[in-house]
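A closer look at the structure
Chain residues, written in single-letter form:
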Amino acid sequence: MQVVILTEGSDLDSLSSAYALTLLEKDTYILFPYSYSSTVKLAVNYFKEKLKNKILKKENVKNLKKIYIVDTSSMEKIKQALKENKLENFKNITVIDHHEKIKLLPDNFKKIPVSYGACTTYFVKKIKRKKLIIDKEDATLLALGIYEDTGLFKYSNTTKDDVDALKFLVEIGLEFDIINDILTNKIDEKSLKILETAIENLHIWQIKNKKIGISRIFCKDYIPDISGYLNNLKKLHELNAFFLLIISKNKTFIIARSKDINVNEILSAFGGGGHKRAASALIKDIEYEEIEDELEILITKHLLKDETVEKFIIKEFTKVNINEKIENLEEIQDYFLFAVDHENNFKGIVFTRTIKNALKHGIKNLKIKDVLIDDIFIFENNTPVYEAEKTALKASQDIFPVLKNDKPIGYLTKRSLLGAIHLDAFQKEENVFISRIRLTPKMYNFKEKLERYFPLQIIKVLKEVGKTAKDLNMKIYLVGGIVRDIVMQRENLDIDLIVEGDAVELAKEFSQKVKGKFHKFEEFMTAQIKIDSLKLDFATARKEIYEYPGAYPKVEKSTLKEDLYRRDFTINTLAIDITENSFGMLIDYFNGLQDIKNQKIRILHQLSFIEDPIRIFRALRFAGRFDFSLGKYTEKLLKVAVDQNLIKAAASGRINLELNLTFNEEKVVEILALMHKYKVLQQLIPYFEMTEEKLIILERIRDYYSYLTTQFDIKINKSSVYLLGLMYHLPLEISTSILEKFHFENAIKIFEEFFEIKDRITNKLKNSQLYKLLKEINPETTLFLIAFMSSELSQKIIDILSKSKTKIITGKDLINLGMKPSKQFSQIIAQVQDLYLDNKIKSKEEALNFVKKKFL
């Protein structure tokens, strides 16, 4: 007796190959696994008569001489199949497979590698060569495997032999109706939901003109047909390669499909295998986040394996000897210097601001070696780009020296490195943004609107500062959010002023006139004046000059237009001239006024999200706040930036700031919904889902926050509560790691309280018992419980809190009853208060009668 053992998840190619072996060799039978694809189930049902004498139960295996394994080279699947059939000690095993990984199987297996699109083709060729007589049903059953594994001859791994094998079967005769029924079996509701999730979670990133898709789904059981369903999704046909992570409790299954990328080589790092164009891997006991991160590194490594950092370095830099005195460098204009020894060996980096600060404080006797920083990441010239990106994203520094034989040959910045890897994904839209810039601005008279917007006292101050600017032959403008909000008639008193000239000089002159408090920040060309409660921020119009692609910017004085071009969105590029004789003239270089009218958020140039990934958060925050939508190309590039994982390049501290700002927005729920829509929350929070329940909880947090803070005069940290609203579905240890990563350590206590108390709060508790629990926790936890619990229980908590504000009796009442002050007072008052909360005492009179009866 011989058996062909099918492994878990076997498809039609496996079944057809196994069946062919039973035709080719006498006394050969098929052992089925516990789970296999639905198409195999359909085929078994259609060909019951053909298969009934071919399928063997494991208990009927006797006098076994040989085992065949077909259409798989997964050692893990083979081991599992042998164990299920209690054949793990059997020695005579032959594996016949068309996956490349067959070569890696142990030498105790006899291995027959075949190089066709379908494993079945190998057996059909043998049938043809041996001139075996098969009928129409046999041919149909064999054809199913060839059709399925070549994707109806659409897959790039299809060979001429596959076509010839099918031609041979067609000549015998095929039941095409049966083939069509099996191959086009309708997808069930569960699989459809999983496919929808896969598309929703799909993020596409681009490296060297290759579009790579990665998605993830969570399900309890592996779905054998999922890879076949994926092949029919049109959205995936646009990709060069696609990787799907199917995540269950303690294992992750990866399916990969490709047009022109060797996915087999990529997944082999996980112990997986397959073809160049189709592969899979099973990973156990590793968090999916780690797997996904490693997968992205492997893909980048595969596509950029020949690229090193030397190709992308910025070669223009200034060196200085470590023994040079800092007093000789007072006039240096570079942002930083590389410190070297007498042999030109790199010793560290020196920032010129450090030198200037030292000289400013009269410290002149220091040498470069006294102020250099040597505890930094550096790259050797042959460092692969993918390794450099991995290091740069985790590092706190922004400049990375590149050395060759210990000598500096250039440097990289995070921006230049990200640009080198991801630029192709953004470059196509460059002309769209260039076309929107105006050579001359549109001008509008906003004087009356300005005077209606501000109180008279502020108008007087603005006109006075405008007169001072004119006297100094300068121009001064209101800019930024204040102008946007004047246009939109939204309240805002944050006054930002841009000066064409010298902001520090102007602010100093004006502060002397009005006797305001003056602070200057010369390094940043900014100053601030405080006049009573009014604060004015002055900044010199600046531009950032990149002397070469990716270089660290030099900041220089500029025109208003150049300063506005540095801003994030067109709606924030409006300016109002307040210089005397042109007071109230609104200036619009970038169609910001039109975008406000059309309710659009637009970036100014195609690299905006690369230069500062935090703009992803800001774009969605403004869109949610104002009920605006993203412009067509802004939306496209934001999606690309998220898919390219550029959020990872953003500093965690700045993400913390943006999230705090979001949580304190009036339309916080709408903003969070947008962050989910554009997959931002999914990148910040593993296993994130925005369910209908979660949206309702977030809305209730917003509503009850206002009620609790006004009715009970308590302070509540909104951020902690909204974070809990986003992550209550996660285990505490995962939530804690995310909170620590983004510097929300203060919220950990709230999470711990919620997880400790949530199952203890039920409707069965007396009011007094529930109140005792509420007294033990922070108001943030109480707010979340009200939002989280059922409506009935939430109302019960609110009623108890309201009732607890009333103290039914006091110590003074007990003294009036003739009692002497003692420790017993607090016990009596607490007992009476409990009875009051439990509705057993309803008035002060009843409370006093109770005390008289029990304690007097």
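Counting restarts for each chain, with residues numbered from 1 along the sequence as it is written. Local features in this predicted model are restricted to residues whose pLDDT is 70 or higher, and side-chain atom pairs enter the listing and the counts only when it is 80 or higher, whereas totals over whole chains, interfaces and linings include all residues. Only hydrogens and water are removed before side-chain values are computed, so all heavy atoms of the structure are retained for them.

A look at the nonpolar core
Quick note on the threshold: The set of buried Ala, Val, Leu, Ile, Met, Phe, Trp, Tyr and Cys residues whose side-chain atoms join them within 4.5 Å is what this entry labels a nonpolar core. Exposure categories follow from relative accessible area, calculated using a 1.4 Å probe and restricted to protein chains: below 20% of the type maximum is buried, above 50% is exposed, and the middle band is partly exposed. Where helices and strands are cited, they refer to DSSP runs of H or I of at least four residues and of E of at least two residues respectively, numbered from the N terminus. In what follows, residue pairs with any heavy atoms lying within 4.5 Å of each other are defined as contacts.
One finds Phe454, Leu478, Phe538 and Leu726 to be the most contacted residues of the largest nonpolar core, which totals 122 residues. Ranked by residue count, the leading element in this core is helix 26 (residues 614-626), at 8 residues. Leave out the neighbours within four places in its chain, and Phe538 touches Val465, Ile476, Leu497, Val499, Ala503, Leu506, Ala507, Phe510, Met525, Thr526, Ala527 and Ile529. Within the second largest apolar cluster, 44 residues are counted, among which are Leu24, Ala139, Ile146 and Ile178.

A look at the pattern of salt bridges
Counted only if it meets this: We define a salt bridge as a contact between a side-chain nitrogen of Lys or Arg and a carboxyl oxygen of Asp or Glu at a distance within 4 Å.
As enumerated under the stated definition, the model contains 35 salt bridges in all. For the salt bridge of Lys311 with Glu307, the shortest nitrogen-to-oxygen distance reads 3.1 Å. With a closest N to O distance of 2.8 Å, Lys475 and Asp577 form a salt bridge. Separated by 102 residues along the polypeptide, Lys475 in strand 19 (residues 475-479) and Asp577 in strand 26 (residues 575-577) bring together distant segments of the chain.

Quick word on the pairing of strand 2 (residues 28-31)
The criterion, for reference: Here, a strand pair is defined by DSSP locating no fewer than two bridges between the strands. Orient the strands so they point away from the viewer; a crossover is then right-handed if the path from the first strand over the helix to the second runs clockwise.
By the bridge criterion, 4 bridges tie strand 1 (residues 2-5) to strand 2 in an arrangement that is parallel. Note on strand 2: the bridge partner recorded for Gln2 is Thr28. In terms of handedness, the path from strand 1 via helix 1 (residues 12-24) over to strand 2 forms a crossover that is right-handed.

Quick word on the sheet that holds strand 15 (residues 379-380)
An order of 15-16-17 is seen for the 3 strands of this open sheet, with the pairing classed as mixed. Pairing within the sheet leaves two strands with one partner each, and these edge strands are strand 15 and strand 17 (407-413). In this structure, strand 15 lies alongside strand 16 (residues 399-404), joined through 2 bridges in parallel fashion. Considered in strand 16, the bridge of Glu380 is made with Leu403.

Let's talk about the pairing of strand 21 (residues 517-521)
Inspection of the sheet shows strand 21 paired to strand 22 (residues 526-531) by 5 bridges, in the antiparallel sense. Looking at strand 22, one finds that Lys517 is bridged to Lys530. Count of turn residues in the strand 21/strand 22 antiparallel hairpin: 4 residues, of which Met525 carries a positive phi of about 60 degrees.

As for the sheet that holds strand 12 (residues 319-321)
Applied cut-off: Axis geometry follows a simple rule: fit a line to the C-alpha atoms, using only the stretch in contact for helices, then measure angles between N-to-C directions, giving values from 0 to 180 degrees.
Pairing is mixed in the open sheet, where 3 strands are placed in the order 12-13-14. Of all strands in the sheet, those with a lone pairing partner are strand 12 and strand 14 (346-351), marking the two edges. The average angle at which neighbouring strand axes cross in this sheet is 35 degrees, direction not considered. Taken together, the 5 bridges between strand 13 (residues 336-340) and strand 14 define a ladder with antiparallel strand orientation. From the neighbouring strand, Ala339 faces strand 14, where its bridge partner is Gly348. Each of strand 13 and strand 14 is contacted by helix 14 (residues 352-360), which is oriented at about 60 degrees to strand 14, the strand it contacts most.

Details of the environment of Leu506
Mapped onto the elements, Leu506 comes out in helix 22 (residues 503-514). Relative accessible area serves as the criterion here: at 0%, Leu506 is assigned to the buried category. A sequence separation of 335 residues divides Leu506 from Ile841, and the C-alpha atoms of the two residues are 71 Å apart. Beyond its immediate chain neighbours, meaning those up to four positions away, Leu506 contacts Val465, Thr468, Ala469, Leu472, Met474, Ile476, Val499 and Phe538.

Remarks on the environment of Ala278
If you trace the backbone, Ala278 turns up in strand 11 (residues 278-284). Each C-alpha atom, one on Ala278 and one on Val263, is 6.5 Å from the other, the two residues being 15 residues apart in sequence. Residues in contact with Ala278, not counting those within four places in the same chain, are Ala256, Arg257 and Val263.

Describing helix 36 (residues 779-788)
In terms of residue burial, helix 36 counts as a mostly covered element, since 8 of its 10 residues are buried. Every buried residue of helix 36 is accounted for by Glu780, Thr781, Thr782, Leu783, Phe784, Leu785, Ile786 and Ala787.

Structural notes on a negative patch on the surface
Which entries qualify depends on this criterion: Candidates for patches are residues over 30% relative accessible area with no salt bridge; among them, like charges are joined within 9 Å and nonpolar side chains (Val, Leu, Ile, Met, Phe, Trp, Tyr) within 5 Å. Throughout, the Shrake-Rupley method with a 1.4 Å probe supplies accessible areas, and for residues the shown protein chains are the sole cover considered. Counting rule applied: Lys, Arg positive; Asp, Glu negative; His and chain ends not counted. Taken as the charge centre is NZ of Lys, CZ of Arg, CG of Asp or CD of Glu, depending on the residue.
A grouping of Glu287, Glu289, Glu290 and Glu733 is seen on the molecular surface, where their side chains present a negatively charged patch. By the element assignment, Glu290 lies in helix 13 (residues 288-303). Using a relative accessible area of 51% as the deciding quantity, one classes Glu290 as exposed.

Describing the confidence of the model for the protein
Condition: pLDDT is defined as a per-residue confidence score from the predictor, taking values between 0 and 100.
On average, residues of the protein score 87 in pLDDT, and 94% of them reach the 70 mark or higher. Low pLDDT, under 50, characterises residues 546-552; the stretch is placed with 21 contacts to residues that sit more than four places away or in other chains.

A few points about helix 20 (residues 456-471)
Threshold: The span one expects for a helix is its residue count, reduced by one, times 1.5 Å.
Compared with the 22 Å implied by 1.5 Å per residue over 16 residues, the 23 Å span of helix 20 between its first and last C-alpha is a close match. Elements that come into contact with the buried residues of helix 20 comprise helix 19 (447-453), strand 19, strand 20 (495-500), helix 22, strand 22 and strand 23 (534-540).

Concerning the packing of aromatic side chains
How we decide: Working definition: a ring pair exists when centres of Phe, Tyr or Trp rings (six-membered ring for Trp) sit within 6.5 Å. Plane angles under 30 degrees give stacked, over 60 give edge-to-face, the rest tilted. Placement of a positive charge over a ring is assigned whenever Lys NZ or Arg CZ falls within 6 Å of the ring centre and within 35 degrees of the normal to the ring plane.
Here the structure, examined in full by the defined rule, presents 25 aromatic pairs. Centroid distance Phe754 to Phe755: 5.5 Å. Interplanar angle 70 degrees. Geometry classified as edge-to-face. Ring centres of Phe784 and Phe788 lie 5.6 Å apart, and the angle between their planes is 25 degrees; this geometry places the pair in the stacked category. Here Phe784 and its partner Phe788 are both found in helix 36, 4 residues apart, which amounts to about one turn of the helix. A cation over a ring is seen here: Arg353 above Phe351, with NZ or CZ 4.9 Å from the ring centre. In this structure, Lys449 is placed above the aromatic ring of Phe446, and the distance from its NZ or CZ to the ring centre is 4.6 Å.

Topic: the packing of helix 13 against helix 16 (residues 385-394)
What counts, and what does not: Charged residues are taken to be Asp, Glu, Lys and Arg, nonpolar residues to be Ala, Val, Leu, Ile, Met, Phe, Trp, Tyr, Cys and Pro, and polar residues to be all remaining types, Gly included.
Remark: helix 13 packs on helix 16, axes separated minimally by 8 Å, with the N-to-C direction vectors making an angle of 145 degrees. For the pair formed by helix 13 and helix 16, the contact residues are Ile297, Thr300 and Lys301 on the first element and Tyr386, Glu389 and Lys390 on the second. When its residues are assigned to classes, the contact of helix 13 with helix 16 shows 2 nonpolar, 1 polar and 3 charged.

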